Amino acid sequence: MAVDATGFDFETDVLVVGSGGGALTAAITAHVGGADVLTIEKSDQYGGTSAMSGGGIWIPASHYALAQGVEDSRDEALSYLQHVVGDRVDPKRLAAYVDEAPRMLKFMADNSRLEYSPVAYSDYYPEQPGGKQGYRTHEPVPMHARKLGKLFEKLRPQHRQTVVQGRFSMTMAEGRSFLTQADGWKTTLTKMMLGYYLDIPARLKGKRTRRLTLGNALIGRLMWTMQDRQMPLWLNTPFKELITDGDKVVGAVIEKDGTLMRIKARKGVIMGAGGFEHNQKLRERALPQPTSPEWSGSQENNTGDSIVAGEELGAATDLMDWAWWAPAIKVPGIDRPWVLFAERSSPGLVMVNKAGRRFSNEAAPYLDNGHALYSNDDDAPSVPAYIVFDATFRKKYPLGPLPPGYAGPDATLPRKVKEILSIADTVEELADKIGVDKAGWVETIAKNNDYAASGQDPDFHRGESFYDQYYGDQRHGPNKCIAPIKDGPFYAVPVYPGDIGTKGGLLVDDKARVLRTDGSVIDGLYAIGNTSASVMGTTYPGAGVTIGPAMTFGYVAANDLTGRNG
Ligand SMILES: Cc1cc2nc3c(=O)[nH]c(=O)nc-3n(C[C@H](O)[C@H](O)[C@H](O)COP(=O)(O)OP(=O)(O)OC[C@H]3O[C@@H](n4cnc5c(N)ncnc54)[C@H](O)[C@@H]3O)c2cc1C
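To start, this report covers the structure provided alongside it.

**With respect to the sheet that holds strand β5 (residues 116-118)**
Sheet architecture is open: three strands sit in the order β4-β6-β5, paired in antiparallel fashion. Two strands bound the open sheet, and with one partner strand each, they are β4 (57-58) and β5. In the sheet, β5 pairs with strand β6 (residues 137-140) via three bridges, with the strands oriented antiparallel. Looking across to β6, one finds that Ser-117 is bridged to Glu-139.

Right under this line is the structure:
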């Protein structure tokens, strides 16, 4: 409920709620624009899911890429988004993204410690008009944790799936070389391990690496900038309610170390407090069923607080029935699931429903494959679905919590992981163990093995797109993503419709200003990241389209508030 504007405990120009990539970019941009900025974070750690993530951002025609000779343009990028996203989103927002994203990145390169480099990561639909096979996704340049001093301790750690054996941090390029077993991957791994063990001061203290990559490099670099600029960030400080004066938002009630405080935000409030993926009630209200925060790879603080506050003020919402879907493997007793971004492209697995039938292209972009667990055309239940593979796959490739067998044989797997893994000597026996229809299942395996020989998947076109092949086994043929399933023992793991955050939230305009249901602007209130309804509509055009827009519209919102000419 919004409360009235009388009596404040603290004043600032701009109040930023949350400390993910979008929120900190907004805070820094507003500060460079001459504003006093207060950033508040609910948790005792900063960085949100952004810190745990790949830190990738999808920025077409960036100054980094153009300087390397990459051919890309605003028009190609806009055409691509128009084809992939379609008319589900206001075209002005799409155009604003294409225009402002490269500006944001240049601005941050010039005014902060942020450094990114373009990577050869394919767009997710490279065959669409304007699609590219690489260099729109950018990853943060690694940094050393010593730059953060004591603040390093409060940086939210990476998701465990992005840290090899819980120790060795990797870049996106390194991760891909391990998965696809590209030339030189063993040397890369050895160097990475040596670097870790030779950091003696850190090894004497504990397991956590000081080589920050991915989301930790993104948030580390933003925090390093905030430290340079002496900008305050209050941890353990949840936002509670908005304060209004007439129709305008002029501040917020927050709770600092257990005490309620009224903060005046002279210019406005930017909400970057994530989505509602950890709020079971909201999930049940809005998302397809069954649903559970247990299947979300995000961290636990994103409970939709700022979305609810906006709604109470009359804000419109959109896309509330969508998440950034991704199939996920949940190990009971371990706090977050493994999100299957890439492993589904490795050859030698199939994903089947209760009838033992495939229902989707396993190597498709994770949003499509994850959503297919709810929306496929087959009438048999697929929550959970099962990923099935044989001994050859198990030996060669990782899959969620399972390291490749050469590095982690069955006998060495943690007990909790063994609990979700079904193993049998024959495919028939495996069908009985996991309770899928045996006849359908045997037929699926036979078809898969035919497709492996021909290299063609007439059912779901697996391995046809350049994107599918990106994470396929580069040395396998004729199709990098399909191999026979024939060598016992045979394995199955349950897979759920997971997510890496929700997609729906407050409806905003091309300046990230929150809109009422009648389309008018709520003065003084901005929403970015997963607090806002995604500019990508119901789609996932490329790696980095959650954090890229969060940062871009954080930058746009801050410029709008300070009057700085972006
Ligand atoms: C393993 C993994 C890898 C991923 N890789 C990528 C990638 O490479 N590129 C990409 O684009 N996306 C990636 N994602 C998705 C991406 O991380 C999220 O979609 C994105 O970080 C969401 O950003 P946000 O700013 O909306 O939320 P967050 O980064 O989660 O930040 C929200 C912050 O707000 C705080 N908060 C919540 N409520 C309140 C409150 N009431 N008061 C104050 N603070 C509050 C939270 O504690 C949190 O710190 C990945 C996700 C996962 C799990």
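**Brief notes about the site of the ligand**
The ligand sits among 35 residues. The nearest are Glu-41, Ser-50, Asp-305, Asn-530 and Ile-547. A distance of 3.4 Å is found between an oxygen atom of the ligand and a backbone nitrogen or oxygen belonging to Ile-500. In this structure, a nitrogen atom belonging to the ligand sits 2.8 Å away from a side-chain N or O atom of Thr-546. Here the shell around the ligand is composed, by residue class, of nine nonpolar, 23 polar and three charged.

**Observations regarding the side chain of Ser-169**
Here Ser-169 shows up in strand β9 (residues 168-169). Residue Ser-169 is classed as buried on the basis of its relative accessible area, which comes to 6%. Side-chain polar atoms of Ser-169 contact the backbone oxygen of Arg-211, separated by 2.7 Å.

**A look at the pairing of strand β14 (residues 259-271)**
Here strand β2 (residues 10-17) runs beside β14; their pairing, made up of seven bridges, is parallel. Each bridged residue has a counterpart across the sheet, and for Thr-12 the counterpart in β14 is Ala-265. Bridge analysis of strand β13 (residues 248-256) against β14 gives six bridges, and the strand direction is antiparallel. Counterpart to Lys-256 in the pairing with β14 is Thr-259. Counted between consecutive antiparallel strands, the loop separating β13 from β14 contains two residues, among which Asp-257 sits at a positive phi close to 45 degrees.

**Overview of the pattern of salt bridges**
Pairing between side chains of opposite charge can happen when their charged atoms approach one another. In the structure shown here, the tally under the stated rule is 35 salt bridges. Note that Asp-110 and Lys-106 form a salt bridge whose closest N and O atoms lie 2.9 Å from each other. Residue Asp-110 and its partner Lys-106 are located together in helix α5 (residues 91-111), separated by four residues, close to a single helical turn. Look at Lys-106 and you get partly exposed, because its relative accessible area is 36%. Linked by salt bridges that have partners in common, Glu-11, Asp-13, Asp-36 and Arg-266 make up one network.

Scoring rules and cut-offs
- Residue numbers restart at each chain and count upward from 1, following the sequence in its written direction.
- Confidence filtering applies because this is a predicted model: local features only for residues at pLDDT of at least 70, side-chain atom pairs given and counted only at 80 or more, and all residues used for totals across whole chains, interfaces and linings.
- Calculation of side-chain values draws on the structure's entire complement of heavy atoms; hydrogens and water are dropped beforehand.
- Between any two strands, pairing holds if DSSP finds at least two bridges.
- Where helices and strands are cited, they refer to DSSP runs of H or I of at least four residues and of E of at least two residues respectively, numbered from the N terminus.
- We call a residue near a molecule or strand as soon as one heavy atom of that residue lies within 4 Å of the molecule or strand.
- By the criterion applied in these results, polar contacts are pairs of N or O atoms within 3.5 Å in which, for protein atoms, one can donate a hydrogen and the other can accept it, and in which residues neighboring in sequence qualify only through two side-chain atoms.
- Polar here means any residue outside two lists: the nonpolar Ala, Val, Leu, Ile, Met, Phe, Trp, Tyr, Cys and Pro, and the charged Asp, Glu, Lys and Arg; Gly therefore counts as polar.
- Burial classes: relative accessible area under 20% of the type maximum marks a residue as buried, over 50% as exposed, and values in between as partly exposed (1.4 Å probe, protein chains only).
- In what follows, salt bridge is the name for a side-chain nitrogen of Lys or Arg lying within 4 Å of a carboxyl oxygen of Asp or Glu.

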